[in-house]
Amino acid sequence: MLMAFYCFVHYIQSPIESFRAKDLRLTDNSYTASVLPALILAHYIPYYASFFTFIDPNTRHIWNWIWQPFPIYISILQFVLKKTVLPDTVRKDRIENVNRDLPTISYTISTLCALSAMSWWYTLYNAPYSLAALFVPSLASGQSGDEHIRMFFQFNELFCMGACFLWLLYLYADMKRARMMDDTWLGILLKGTILLGALGPGVTVGLGWLHRERLLATRYHKDALVVEKAQ
């Protein structure tokens, strides 16, 4: 529910008309560069530590509790890194290099997609169940407590990733309306389906978002006032 609400708020606060000028897409690189190290320290290390079988169950349980408020840790870490290590160059970048943050965004998303793909392949290879049993909730009566917990996680996965996919499609629709995107809907859905099956939902959303960032950085909005149109 919160993921869907976040997607909704982001969408209504980031209309495509806001990106008529390319420098309006530019992110603060001091924050952008801190995303990956903050995620690794605050999210991935405690998250995977709660699953590693060579760690005793009590310690894994403690790691799981440490992991729970990771958004708070990430916000604190990003703030500290911005104030102490990473310089704020956004004003200079707006004039001299509006694409300065793109390599950082690409590296960050590519790294996270690699982790997501490995998790997806590991699950498919090791799970003793079919994809339907893994991801499609069962509403059959008389289920055990463990089966109800499994159903909860399955609905959680569907709602969370469903919100992300719908959000991405809305963003793509806006870019197509602004003539910043040439892909057909058939091509978009076909590529998304192939990515979903081969690399998993996390990679599909990550690469879909990266494609949007690159289009915003390299294409002009149809109503943008640029030298080429003036001539």
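Residues numbered from 1 in each chain as written. Predicted model: local features only at pLDDT ≥ 70, side-chain atom pairs only at ≥ 80, totals over all residues. Heavy atoms only, no water.

1. Observations regarding the overall build of the protein chain
Item 1. What the protein chain contains, in helices and strands, is 12 helices and 0 strands.
Item 2. By principal-axis analysis of the C-alpha atoms, the protein chain measures approximately 70 × 45 × 30 Å.
Item 3. Here the protein chain, with 231 residues, has 33% of them falling under the buried criterion.
Item 4. Within the protein chain, residue pairs in contact and separated by at least 24 positions form 73% of the contacts whose partners lie at least 6 positions apart.
Item 5. When the accessible surface of the protein chain is totalled, it reaches about 14800 Å², and 68% of it is carbon and sulfur.
Item 6. Of note, the protein chain has its 20 positive side-chain charges centred 5 Å away from the centre of its 17 negative side-chain charges. (Helix = DSSP H or I, 4+ residues; strand = E, 2+ residues; numbered from the N terminus. Buried < 20%, exposed > 50% of the residue type's maximum accessible area, 1.4 Å probe, protein only. Contact = heavy atoms within 4.5 Å. Areas by Shrake-Rupley, 256 points an atom, 1.4 Å probe, with all protein chains shown as cover. Lys, Arg positive; Asp, Glu negative; His and termini not counted. Charge placed at Lys NZ, Arg CZ, Asp CG, Glu CD.)

2. Section: empty space enclosed by the protein
Item 1. The full count for this structure, using the stated rule, is 1 cavity of 30 Å³ or more.
Item 2. Considered as a void within the structure, the largest cavity measures approximately 30 Å³ in volume.
Item 3. What lines the largest cavity is Ser14, Pro15, Ile16, Leu171, Asp174, Met175 and Arg212.
Item 4. Considering each element in turn, the lining of the largest cavity owes the most residues, 3 residues, to helix α9 (residues 145-177).
Item 5. Of the residues belonging to the lining of the largest cavity, the class tally is 4 nonpolar, 1 polar and 2 charged. (1 Å grid on protein atoms, 1.4 Å probe; cavity = no way out; pocket = protein on both sides within 12 Å on 5 of 7 lines; lining within 4 Å. Points joined across faces, edges and corners; volume = space filled by probe spheres on them. Nonpolar A, V, L, I, M, F, W, Y, C, P; charged D, E, K, R; others polar.)

3. As for the packing of helix α3 (residues 35-49) against helix α4 (residues 57-67)
Item 1. Contact geometry of α3 with α4 gives a least axis separation of 7 Å together with a crossing angle of 155°. One finds that α3 runs roughly antiparallel with respect to α4. You can see that α3 and α4 cross each other, and the crossing is left-handed. Between α3 and α4, the residues in contact are Ala42, His43, Pro46, Tyr47 and Ala49 and Arg60, Trp63, Ile66 and Trp67, respectively. (Axes fitted to C-alpha atoms, helices over the stretch in contact; angles between N-to-C directions. Parallel < 35°, antiparallel > 145°, perpendicular 65-115°, else oblique. Left-handed = near helix turned anticlockwise from the far one by under 90°.)

4. Thoughts on the pattern of salt bridges
Item 1. Considering all chains together, one arrives at 10 salt bridges under this definition.
Item 2. The residue Glu213 makes a salt bridge to Arg212 at a minimum N-O spacing of 3.4 Å. When sorted by exposure, Glu213 lands in the same class as Arg212, which is buried.
Item 3. Salt bridges here are not isolated pairs; linked through shared partners, they connect Arg25, Asp101, Arg212 and Glu213. (Salt bridge = Lys/Arg side-chain N within 4 Å of Asp/Glu carboxyl O.)

5. Considering α3
Item 1. Look at α3: 20 Å from first C-alpha to last across 15 residues, which is about the 21 Å you get at 1.5 Å a residue.
Item 2. Approximately 35° is the largest bend angle found in α3, and it occurs at Leu41.
Item 3. Where α3 is concerned, the buried positions are Leu36, Ala38, Leu39, Ala42, His43, Tyr44, Pro46 and Ala49.
Item 4. Of the surrounding elements, those touching the buried residues of α3 are α4, α5 (70-84) and α7 (102-126). (Expected span 1.5 Å × (residues − 1). Bend = angle between axes of the 7 residues up to and from the residue.)

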